[in-house]
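Structure at a glance
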There are 2 protein chains.
Amino acid sequence: MNPIVFQENSRMPLYEQLYRALKQNIISGDFSCGEKLPSKRELAKRLSVSLITVENAYAQLAAEGYIHSIQKKGYYVSSLAKPSGAARKNATVYQLPSKETYQIDLRTDRPDAGRFPIASWCRLTRQVLTEQGDDIFRSGDFSGERVLREQIAAYLKRSRFLDVSPDCVLVAAGTECLCDILVKLLGAYRVFGLEDPGYRKVSDLYRSAGARCFYLPMDTDGIRMDALRASSTEVLHISPNHQYPTGVVTPASRRFELLAWAGERDGRYVIEDDYDSELRFDAKPLPPMIAEDSAEKVIYMNTFSKTIAPSLRVGYLVLPARLMDQYYRRFSGFSCTVSAPEQLTLARFMESGMYERHISRMKKFYNSRRLLFLQKIKQSYLSSFVSVEENAAGLHFLLTFHDSPDEEMLCADARKAGIALTFLSAFYRRKPKTVPSSLLINYGGLREEDFDQVLSFLCDWQKKKRPDQTGA
Amino acid sequence: MNPIVFQENSRMPLYEQLYRALKQNIISGDFSCGEKLPSKRELAKRLSVSLITVENAYAQLAAEGYIHSIQKKGYYVSSLAKPSGAARKNATVYQLPSKETYQIDLRTDRPDAGRFPIASWCRLTRQVLTEQGDDIFRSGDFSGERVLREQIAAYLKRSRFLDVSPDCVLVAAGTECLCDILVKLLGAYRVFGLEDPGYRKVSDLYRSAGARCFYLPMDTDGIRMDALRASSTEVLHISPNHQYPTGVVTPASRRFELLAWAGERDGRYVIEDDYDSELRFDAKPLPPMIAEDSAEKVIYMNTFSKTIAPSLRVGYLVLPARLMDQYYRRFSGFSCTVSAPEQLTLARFMESGMYERHISRMKKFYNSRRLLFLQKIKQSYLSSFVSVEENAAGLHFLLTFHDSPDEEMLCADARKAGIALTFLSAFYRRKPKTVPSSLLINYGGLREEDFDQVLSFLCDWQKKKRPDQTGA
């Protein structure tokens, strides 16, 4: 037996030190299998520690199966398959690569989280936690807390005149979980059709869940019907109310064609991703496709990421009754992925009218920001070299350069100036021969001074451009 | 054109009513494609509504693509693929089947949520929301907020002497999300080996994510090595520290054999599900297998479901650096599925020491409840017909009947008395020839009076049992 040395100043209790030393002796083979250990009393005396210290150490070794006791005889070393190597290496060294951060980032459409009524949210959270008591920590419905599903249904009725049963609403922790749920429910063997160009994360999510994805080209009305019909798509995921990143709005005619396509065969579905429908500035939100869906072929999807904040992680599906019933029968043993306290707080936020007031405030705010930025572009040096493509909706617009600049070079120069930019071309899976040179301006979370900086960078870049780079 | 009748008392604005009526006329074919609509002025006059009402209705119809304007000529009905059927049926009728509820439910191991320090949690939530300001609503790290990952690493160090990098910790919304992540990361084509009998939800989760599952028989030390070696298992999911439902603790010897198995081939991993390790009453928690894992073959998995509440939806993995790196490269575009406010609140709860104090209080409470229930069994009529199998850990024990009662009949009689029971045999995928008649007593959330009622039911049942049902 190797000598056991206690570290008197260690924060590790004596029995833990003894247990570890004995365990090391056993693993290293200094104690061999079947060998009898000193009696507790004897070891306590030899090491000048209390009997209880040795008892605790032996008890722990026995619980872990390193030693066993034989009645009236004492403790013996158990037979051990020797570990293949040393114990775990010090693993604290691993570090994730540090995030690329930019002073200004125009690449993703984030809302302005700073305008969320934190104080009210806070008050509701406290109300929920205290009034609901311990009930809140019991696990609830697999599809989400009933009060939240009721509020979502009531909101869809008020804001979209949509008639939805609360029992057809399925709450989950954001797009990540919603996409996983859809692949589980519809089957990974089905081909998911996606908009090209499109929101890359959605396709990454479907593919990570095992689904095959097919990328469908678009025209000015949305998904091209010829391409859809030529493909083996069974489940079509689209954003007909405001496509990202093109901003295309699918008109009624194309919608009816898409519904007709879905109705032609069992197993065909349209997932209507309504991610930013609340944020329409000129007219009221478009009625979603699901409103015209007599055949129960449309799955409606939305989140609170744009209207509240992406860090809240709450999204929902409205499923056709037939699919909800399937989900119930197959997966109601799974828990809803959003915590109950948060669901109940959100339900109160909606019930109190605060949610709709917040949306209405944010719409005014985003619209004035949008108009200001459009105005600035118009008044800038850039104005004769670009056109703006947008239709008064969502948190982004496209700034299209007429003279097709070197996109890579422009982005690289911007990065050096602390500005992260992305062009429309980056959103294609299968890039067509010609793609307009459209810069994405995600202005939702962008401050005025930051936009000024971006505009000034773009103006300078345009001015300095060498003649041989000009395609116009 | 069908007559347009306005409902004066409707809460629907006039322009909305007009828009809906016109849309219905277009869809039904009363307006044909290419037909010119009345001018706005003319229609306003004809219907005795304001010009703005007609303007809004036309604008909405144009935005949705039902009509289009031709400059200086007016509005025309657009060409429409006719919808396949009527509009969406009234969907509010769908109702989920109502939940089976029982006055007393012993089937699942729930903690006693009523003992959670709600007031403190509440205070921390308020602190987080107010102190962090709007930062909290920006989206954070894909693997979880850094402060929470640091607290988890520090907790594992304090409580398990485990050396873990915060960057190897991956936070997600409970077992549901953790299992999905593991299938995505390791690949659905791999065979997942699971304990039989075992926790059914885990296997349901893996299978729903597309993985193939293989069920491995157990002996008194855990997974049987011969069965494991004879199977094509590549990823082994086990609970070596306290198996559910058998309560088996895997001793050091078998652990080393399992680690050796994992080390033999690339792509083999052991997922160590440590779901209730904190709740050990006689000794300190067993050191997890990951502590002996020199080859980086163990993935450690835990949640806060048992120590705080299942409705909180927070779990985590500790990944080997190699796997974390893979996850980062493939999936760092996905968001963490737990909301940032909740992550930060939990981090403060851990940092303040409240989490460990709560665990220590709960351990005392559960242990006294457990000892009380065991005592009651011992003193009851039942005592000579049963034996208790448990090893001072977790929130359940097994009550084994010596005389093999008719399990189905016992459960059916219990249901009539408002008590939901389940036997060990229900947890098998491949039932061996003989399974002991062990009733699961999940006592974590069980009140004393409820336990008395269960015991009294079982005693009565035993007394009334007709002689021909007795197998003893």
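Residues numbered from 1 in each chain as written. Chains lettered and ligands numbered in written order. Predicted model: local features only at pLDDT ≥ 70, side-chain atom pairs only at ≥ 80, totals over all residues. Heavy atoms only, no water.

1. Looking at the overall build of chain A
Counting secondary structure elements, chain A contains 14 helices and 15 strands. Relative to the 2.2 N^0.38 estimate, which gives 23 Å for 472 residues, the radius of gyration of chain A is 31 Å and therefore markedly larger than a compact globule would have. Dimensions of chain A, computed from C-alpha atoms along their principal axes, come out at roughly 95 × 60 × 50 Å. Here chain A holds 472 residues, and 60% of them are scored as buried. In chain A, 71% of the contacts between residues at least 6 apart in sequence involve partners at least 24 apart. Surface exposure of chain A reaches about 19,600 Å², of which carbon and sulfur atoms provide 48%. Distance from the positive charge centre (65 side chains) to the negative charge centre (57 side chains) of chain A: 5 Å. (Helix = DSSP H or I, 4+ residues; strand = E, 2+ residues; numbered from the N terminus. Rg over C-alpha atoms; globule rule 2.2 N^0.38 Å. Buried < 20%, exposed > 50% of the residue type's maximum accessible area, 1.4 Å probe, protein only. Contact = heavy atoms within 4.5 Å. Areas by Shrake-Rupley, 256 points an atom, 1.4 Å probe, with all protein chains shown as cover. Lys, Arg positive; Asp, Glu negative; His and termini not counted. Charge placed at Lys NZ, Arg CZ, Asp CG, Glu CD.)

2. Section: the sheet that holds strand 15 (residues 437–442) of chain A
Residue and element names in this part refer to chain A. Across the sheet, which stays open at both edges, the three strands sit in the order 12-13-15 with antiparallel pairing between neighbours. Looking at strand neighbours, the two that pair on one side only are strand 12 (386–389) and strand 15, the edges of this open sheet. The sheet shows a mean angle of 25° between the axes of neighbouring strands, taken without regard to direction. Where strand 13 (residues 396–401) lies against strand 15, six bridges are found, and the strand directions are antiparallel. Paired with Phe397 across the strands is Ile441, a residue of strand 15. (Pairing = 2+ DSSP bridges. Axes fitted to C-alpha atoms, helices over the stretch in contact; angles between N-to-C directions.)

3. Some points on the domain arrangement of chain A
All names here are of chain A. Segmentation of chain A into domains returns domain 1 (14–77), domain 2 (116–356) and domain 3 (358–465). Placing a centre on the C-alpha atoms of domain 2 and another on those of domain 3 gives a separation of 28 Å. Counting residues at the interface gives 32 residues for domain 2 and 24 residues for domain 3. Across the domain 2/domain 3 interface, buried area totals approximately 2,500 Å², and carbon plus sulfur atoms make up 56% of it. Residue Arg429 is joined to Asp204 by a salt bridge in which the shortest nitrogen-to-oxygen separation is 3.3 Å. Between domain 2 and domain 3 we count 19 residue pairs in polar contact (both at pLDDT 80 or more) in total. Taken together, the residues of the side of domain 2 that touches domain 3 break down into 15 nonpolar, seven polar and 10 charged. (Domains from an automatic or database assignment. Buried area = accessible area lost by both parts, 1.4 Å probe. Salt bridge = Lys/Arg side-chain N within 4 Å of Asp/Glu carboxyl O. Polar contact = N/O pair within 3.5 Å; in protein donor to acceptor, adjacent residues only side chain to side chain. Nonpolar A, V, L, I, M, F, W, Y, C, P; charged D, E, K, R; others polar.)

4. Here we look at the relation of the copies chain B and chain A
Each copy of the sequence occupies a distinct position, and chain B is placed on chain A by a rotation of 180° and an axial shift of 0.1 Å, giving an RMSD of 0.1 Å. Read as a symmetry element, the transformation amounts to a two-fold axis. Both copies present the same face, since 100% of the interface residues in chain B are matched by interface residues at the equivalent positions in chain A. (Least-squares fit on C-alpha atoms with pLDDT ≥ 70 in both.)

5. A short note on the pairing of strand 6 (residues 212–219) of chain A
All names here are of chain A. Relative to strand 6, strand 5 (residues 191–196) is paired through six bridges, and the arrangement is parallel. Note on strand 6: the bridge partner recorded for Val191 is Arg212. Regarding topology, helix 7 (residues 200–208) serves as the crossover connection from strand 5 to the parallel strand 6, and that connection is right-handed. As paired strands, strand 6 and strand 7 (residues 222–223) are joined by two bridges and run antiparallel to one another. (Right-handed = clockwise from strand over helix to strand, strands pointing away.)

6. Side note on the pairing of strand 9 (residues 269–273) of chain B
Residue and element names in this part refer to chain B. Most of strand 9 is tucked away: five of the five residues are buried. Side chains of strand 9 alternate between two faces, with Tyr269, Ile271 and Asp273 and Val270 and Glu272 buried alike. Across four bridges, the pairing between strand 8 (residues 235–238) and strand 9 is parallel. Among the inter-strand pairings, His237 is bridged to a residue of strand 9, identified as Ile271. Taken together, strand 8, helix 9 (residues 252–263) and strand 9 form a β-α-β motif whose crossover is right-handed.

7. Here's the deal with the packing of aromatic side chains
Residue and element names in this part refer to chain B. Using the criterion set out here, one finds 48 aromatic pairs over all chains in the structure. Ring geometry for Tyr244 against Tyr275: centres 6.3 Å apart, planes inclined by 85°, an arrangement best described as edge-to-face. Taken as a pair, Tyr244 in the loop between strand 8 and helix 9 and Tyr275 in the loop between strand 9 and strand 10 (298–303) lie far apart in primary sequence, 31 residues in all. Considered together, Tyr244 and Tyr275 belong to a single accessibility category, that of buried residues. (Phe/Tyr/Trp six-rings, centres within 6.5 Å; stacked < 30°, edge-to-face > 60°.)

8. Notes on the sheet that holds strand 5 of chain A
Residues and elements named next belong to chain A. Spatial ordering of the open sheet is given by 4-11-10-9-8-5-6-7, a layout of eight strands whose pairing is mixed. Of all the strands in the sheet, the pair left with one neighbour each is strand 4 (169–172) and strand 7. Across the sheet, helix 5 (residues 146–160) lies against strand 4, strand 10 (298–303) and strand 11 (315–318), angled at about 115° from strand 4, the strand it touches most. Relative to strand 9 (residues 269–273), helix 9 (residues 252–263) is tilted by about 140°, and along the sheet it contacts strand 6, strand 7, strand 8 (235–238), strand 9 and strand 10.

9. Quick word on the side chain of Thr337 of chain B
Here Thr337 of chain B lies in the loop between helix 10 (321–331) and helix 11 (340–351). Only 2.9 Å separates the side chain of Thr337 of chain B from the backbone nitrogen of Ala173 of chain B, close enough to count as a polar contact. Among residues more than four places away in sequence, those in contact with Thr337 of chain B are Ala173, Glu176, Cys177, Arg313 and Thr337 of chain A together with Ala172, Ala173 and Cys177 of chain B.

10. Some words on the environment of Ser165 of chain B
Inspection of the secondary structure puts Ser165 of chain B in the loop between helix 5 (146–160) and strand 4 (169–172). C-alpha separation for the pair Ser165 of chain B and Leu319 of chain B, spaced 154 residues apart in sequence, amounts to 9.5 Å. Polar side-chain contacts of Ser165 of chain B include one of 2.7 Å to the backbone oxygen of Tyr94 of chain A.

11. A word on the interface of chain B and chain A
One frequently used descriptor of interface size is the decrease in accessible area upon assembly of the parts. With 106 residues of chain B in contact, the opposing surface of chain A contributes 106 residues. In this assembly, chain B packs against chain A so that about 9,000 Å² is buried in total across both faces, 60% of it on carbon and sulfur atoms. There are four salt bridges connecting chain B and chain A. A salt bridge links Glu292 of chain A to Lys23 of chain B; the shortest N-O distance between them is 3.3 Å. On the surface where chain B and chain A come into contact, there are 26 residue pairs in polar contact (both at pLDDT 80 or more). By residue number, the principal contributor to the side of chain B that touches chain A is helix 4 (residues 118–132) of chain B, which donates seven residues.

12. Remarks on the pattern of salt bridges
All names here are of chain B. Evaluated as defined, the whole model comprises 66 salt bridges over all chains. Notably, a salt bridge pairs Asp274 with Arg160, separated by 3.0 Å at the nearest N-O pair. Taken together, the positions of Asp274 in the loop between strand 9 and strand 10 and Arg160 in helix 5 put the pair 114 residues apart, joining distant regions of the chain. For the pair Asp274 and Arg160, one class covers both residues: buried. Asp325 is the partner of Arg329 in a salt bridge, and the nearest nitrogen-oxygen pair spans 3.2 Å. Here Asp325 and Arg329 lie together in helix 10, a separation of four residues that amounts to about one turn. Owing to a relative accessible area of 59%, Arg329 belongs among the exposed residues under this scheme.

13. Overview of the nonpolar core
Of all hydrophobic cores here, the largest spans 228 residues; its most connected members are Phe137 and Tyr206 of chain A together with Phe137 and Tyr206 of chain B. If near-sequence neighbours (up to four positions away) are discounted, Tyr206 of chain B is found in contact with Cys179, Leu182, Val183, Phe192, Leu194, Ala211, Cys213, His237, Ile271 and Met301 of chain B. (Core = buried A, V, L, I, M, F, W, Y, C linked by side-chain atoms within 4.5 Å.)

14. Remarks on the side chain of His396 of chain A
Residue and element names in this part refer to chain A. Topologically, His396 is positioned in strand 13. The exposure class of His396 is buried, given its relative accessible area of 3%. Reaching out from His396, the side chain makes a polar contact with the backbone oxygen of Pro245 at a distance of 2.9 Å. Residues in contact with His396, not counting those within four places in the same chain, are His242, Gln243, Tyr244, Pro245, Gly247, Tyr275, Ile441, Asn442 and Tyr443.

15. Quick word on the packing of helix 1 (residues 14–28) of chain B against helix 3 (residues 51–63) of chain B
All names here are of chain B. Two numbers describe how helix 1 lies on helix 3: the axes approach to 8 Å, and their chain directions differ by 50°. Relative to helix 3, helix 1 is oriented oblique. Between helix 1 and helix 3 the crossing geometry is right-handed. Contacts from Leu14, Tyr15, Leu18, Tyr19, Leu22 and Lys23 of helix 1 reach helix 3 at Thr53, Val54, Asn56, Ala57, Tyr58, Gln60 and Leu61. Grouping the constituent residues of the contact of helix 1 with helix 3 by class yields nine nonpolar, three polar and one charged. (Parallel < 35°, antiparallel > 145°, perpendicular 65-115°, else oblique. Left-handed = near helix turned anticlockwise from the far one by under 90°.)

16. Considerations on the packing of helix 6 (residues 174–186) of chain B against helix 7 (residues 200–208) of chain B
Residue and element names in this part refer to chain B. Axis separation between helix 6 and helix 7 bottoms out at 9 Å; the angle between their running directions is 45°. By the angle between their directions, the pair helix 6 and helix 7 is classed as oblique. Where helix 6 crosses over helix 7, the handedness of that crossing is right-handed. Along its contact with helix 6, which presents Thr175, Glu176, Cys179, Asp180, Leu182 and Val183, the element helix 7 presents Lys201, Val202, Leu205 and Tyr206. The residue makeup of the contact of helix 6 with helix 7, split by class, is six nonpolar, one polar and three charged.

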